[in-house]
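An overview of the molecular structure
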Amino acid sequence: MLTTWVVMPTCLPLVLRRCHTCASDSFRANGKFRVNAHHKLLDAWLLVLCTGCGDTAKLTVLERAQVRSVRPELLDRLHDNDPDLAAELLQDPALRRRNRIALDWDDAWRLDTGGSDHLDREVIDVSVRFAARIPVRPVRLIAEGCGLPRAEVERAITEGNLVSAVRLNSRLSNDFTFTLKR
């Protein structure tokens with residue numbers, strides 16, 4: 001029987017970027033936006049706060065965009081400071097490249113295994129689904145989900161008792177499946 005695990009975000013990740021005021025290297029996104037209009041052109045930024053000094057930095061969302069080219073729903077979400085929109089935008093690789101930022105997902109996600117009734121079976125077939133693009137090592141997920149030390153999970157991989165179609169030693173943010181034989 002296939003068991004489904006879900007990797008879910010618990011909060012917005014830290015934004016890794018250098019602060020110009022205090023030389024800290026991380027910012028916290030609070031879901032606030034700033035929208036500025038220049039006649040028929042719009043600029044929009046996601047505001048982030050430095051974790052060291054509290055200074056505000058702006059991540060460019062829209063730059064000199066024609067008002068008519070911006071979807072009304074997007075504009076409403078920007079004006080309403082929609083935290084879900086902030087999460088979506090931080091997931092966007094183009095926004096991260098444009099603003100030269102990276103994300104730190106440590107302590108910003110959790111694993112939902114749906115209970116521990118699968119742990120006593122001889123063979124466990126698990127499908128891991130990501131609710132957001134959170135880069136995590138599968139070895140860490142399997143260890144946490146099965147209640148095993150990471151070394152034991154690594155040993156199961158080398159002995160062939162833990163198999164998957166993907167590499168389990170590198171970071172993944174896409175759905176995958178694995179089979180663990182005890």
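Above this note sits the structure.
In short, a report on the structure. (Residues numbered from 1 in each chain as written. Predicted model: local features only at pLDDT ≥ 70, side-chain atom pairs only at ≥ 80, totals over all residues. Heavy atoms only, no water.)

**Things to note about the packing of aromatic side chains**
Stated precisely, the cut-off is as follows: The criterion for an aromatic pair is that two Phe, Tyr or Trp rings (for Trp, the six-membered ring) have centres within 6.5 Å, with stacked assigned to planes under 30 degrees apart, edge-to-face to planes over 60 apart and tilted to the rest. Under the DSSP-based scheme used, a helix requires at least four consecutive residues in state H or I and a strand at least two consecutive residues in state E, with every element numbered from the N terminus. A simple rule labels every residue: compare its accessible area, found with a 1.4 Å probe on the protein chains alone, to the largest value its type can have, and call it buried under 20%, exposed over 50%, or partly exposed in between.
All chains considered together, the criterion is met by three aromatic pairs. Relative to Phe-178, the ring of Trp-5 has its centre 5.5 Å away and its plane inclined at 65°; by these criteria the two rings are edge-to-face. Here Trp-5, found in strand S1 (residues 2-9), pairs with Phe-178, found in strand S10 (residues 176-181); they are 173 residues apart in sequence, far enough to count as distant. Overall, the relative accessible area of 0% leaves Trp-5 in the buried class. Here the aromatic residues Trp-5, Phe-130, Phe-176 and Phe-178 are joined through ring pairs into a cluster of three or more.

**With respect to the sheet that holds strand S4 (residues 41-50)**
Heads up, the condition is: Note on pairing: two strands pair once DSSP finds at least 2 bridges between them. To get an axis, a line is fitted to the C-alpha atoms, and for a helix only the part in contact is used. The angle between two axes follows their N-to-C directions and goes from 0 to 180 degrees. We call two residues in contact whenever any of their non-hydrogen atoms come within 4.5 Å of each other.
With antiparallel pairing, the five strands of this open sheet are ordered in space as S5-S4-S3-S2-S6. The sheet terminates laterally at strand S5 (56-66) and strand S6 (102-104), the two strands that pair on one side only. Averaged over all pairs of adjacent strands, the angle between strand axes in this sheet comes to 40°, irrespective of strand direction. Pairing between strand S2 (residues 14-16) and strand S3 (residues 26-38): three bridges, direction antiparallel. Residue pairing across strands places Leu-16 opposite Ser-26, the latter belonging to S3. Contacting S3, S4 and S5, helix H1 (residues 72-79) runs over the sheet at an angle of about 120° to S3.

**Let's talk about the pattern of salt bridges**
Where we set the bar: Any Lys or Arg side-chain nitrogen located within 4 Å of an Asp or Glu carboxyl oxygen qualifies as a salt bridge.
Summed over the entire model, instances satisfying the criterion amount to four salt bridges. When the shortest N-O distance is used, the salt bridge between Arg-64 and Asp-43 registers 3.6 Å. Taken as a pair, Arg-64 in strand S5 and Asp-43 in strand S4 lie far apart in primary sequence, 21 residues in all. The salt bridge involving Asp-82 is made with Arg-77; its shortest N-O contact spans 2.7 Å.

**A few points about the packing of H1 against helix H2 (residues 83-91)**
Helix-helix packing is described using two parameters, namely the angle between the two axes and the distance between the axes. Note the cut-off: By the definition adopted for this analysis, an angle is roughly parallel if under 35 degrees, roughly antiparallel if over 145, roughly perpendicular if from 65 to 115, and oblique otherwise. Here a crossing is taken to be left-handed if its near helix is turned anticlockwise relative to the far helix by less than a right angle, and right-handed if that turn runs clockwise. Throughout, the ten residues Ala, Val, Leu, Ile, Met, Phe, Trp, Tyr, Cys and Pro are labelled nonpolar, Asp, Glu, Lys and Arg are labelled charged, and all others, Gly among them, are labelled polar.
Their axes nearest at 8 Å, the elements H1 and H2 cross at an angle of 110°. The pairing of H1 with H2 is recorded here as roughly perpendicular in orientation. In the packing of H1 onto H2, the handedness of the crossing is left-handed. Where H1 abuts H2, its residues Leu-74, Arg-77 and Leu-78 lie against Asp-84, Leu-85 and Glu-88. Split into classes, the residues belonging to the contact of H1 with H2 amount to three nonpolar, no polar and three charged.

**A few points about the side chain of Gln-91**
Relative to the helices and strands, Gln-91 is located in helix H2. The exposure class of Gln-91 is buried, given its relative accessible area of 15%. What Gln-91 contacts, discounting residues up to four positions off in sequence, is Arg-96, Trp-105, Ala-132 and Arg-133.

**Observations regarding unusual backbone geometry**
Peptide bonds are, in most cases, trans, and in most cases residues other than glycine have a negative phi. Residue Ala-23 is not a glycine yet carries a positive backbone phi of 65°. Structurally, the position occupied by Ala-23 is in the loop between S2 and S3. Phi is positive for Asn-81, which is not a glycine, with a value near 55°. One can find Asn-81 in the loop between H1 and H2.

**Comments concerning the layout of surface pockets**
We apply this condition: Site definitions follow a grid-based scheme: protein atoms alone, a 1 Å grid, a 1.4 Å probe that fits but cannot get out for cavities, and for pockets an open set with protein on both sides within 12 Å along at least five of seven lines, plus lining residues having an atom within 4 Å of a point. Grid points are joined across faces, edges and corners, and a volume is the space filled by probe spheres set on the points.
Approximately 270 Å³ is the volume found for the largest pocket. When residues in the lining of the largest pocket are grouped by element, the largest group, three residues, is from S6. Residue composition of the lining of the largest pocket, grouped by class: seven nonpolar, one polar and eight charged. Space inside the second largest pocket adds up to approximately 160 Å³. Looking at the lining of the second largest pocket element by element, the count peaks at five residues for H2.

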